[in-house]
Amino acid sequence: MSLGHSGSFTAEKDREFFCDTCGARCTRSINGDLEYGHLIGCPDRPEAFSFGTSDHVRKYSPEDDANDGGASA
């Protein structure tokens, strides 16, 4: 799955991780209540999050899993 992102593909900090569903690099809030970074359409993305300026390019679709075997970074 291509995320259309050329930045770092590591999750080295304590609260960073790669989502098993959408493959995006995400960060948990300090209290663990929120997870930032999930792609639009990912069921793990908090519904209260509005669309960001870069979200129009990076969207999760369940078909993405079929195309890459569900691989996660």
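Please refer to the structure placed before this passage.
Residues numbered from 1 in each chain as written. Predicted model: local features only at pLDDT ≥ 70, side-chain atom pairs only at ≥ 80, totals over all residues. Heavy atoms only, no water.

Quick notes on the environment of Pro46
For Pro46, the location among the structural elements is in the loop between strand S3 (35-36) and helix H1 (62-68). Note on Pro46: relative accessible area 18%, which makes it buried. Between the C-alpha atoms of Pro46 and Asp33, which are 13 residues apart in sequence, the distance is 9.8 Å. Among residues more than four places away in sequence, those in contact with Pro46 are Leu34 and Glu35. (Helix = DSSP H or I, 4+ residues; strand = E, 2+ residues; numbered from the N terminus. Buried < 20%, exposed > 50% of the residue type's maximum accessible area, 1.4 Å probe, protein only. Contact = heavy atoms within 4.5 Å.)

Regarding the sheet that holds strand S2 (residues 25-28)
The antiparallel open sheet is built from three strands, whose spatial order is S1-S2-S3. Pairing within the sheet leaves two strands with one partner each, and these edge strands are strand S1 (16-18) and S3. (Pairing = 2+ DSSP bridges.)

Quick notes on the side chain of His38
Its place among the elements puts His38 in the loop between S3 and H1. A polar contact is formed between the side chain of His38 and the side chain of Glu35, at a distance of 2.8 Å. Ignoring anything within four residues of it in the chain, the contact list for His38 reads Phe17, Cys19, Cys22, Ala24, Cys26, Asp44 and Arg45. (Polar contact = N/O pair within 3.5 Å; in protein donor to acceptor, adjacent residues only side chain to side chain.)

Observations concerning the pattern of salt bridges
Applying the stated rule across the entire model yields one salt bridge. Two residues, Glu35 and Arg28, come together in a salt bridge whose shortest N-O distance is 3.6 Å. (Salt bridge = Lys/Arg side-chain N within 4 Å of Asp/Glu carboxyl O.)

Regarding the environment of Ala24
Relative to the helices and strands, Ala24 is located in the loop between S1 and S2. For the pair Ala24 and Gly37, spaced 13 residues apart in the sequence, the C-alpha separation amounts to 6.5 Å.

Geometric descriptors of this kind do not, in isolation, establish any biological role.
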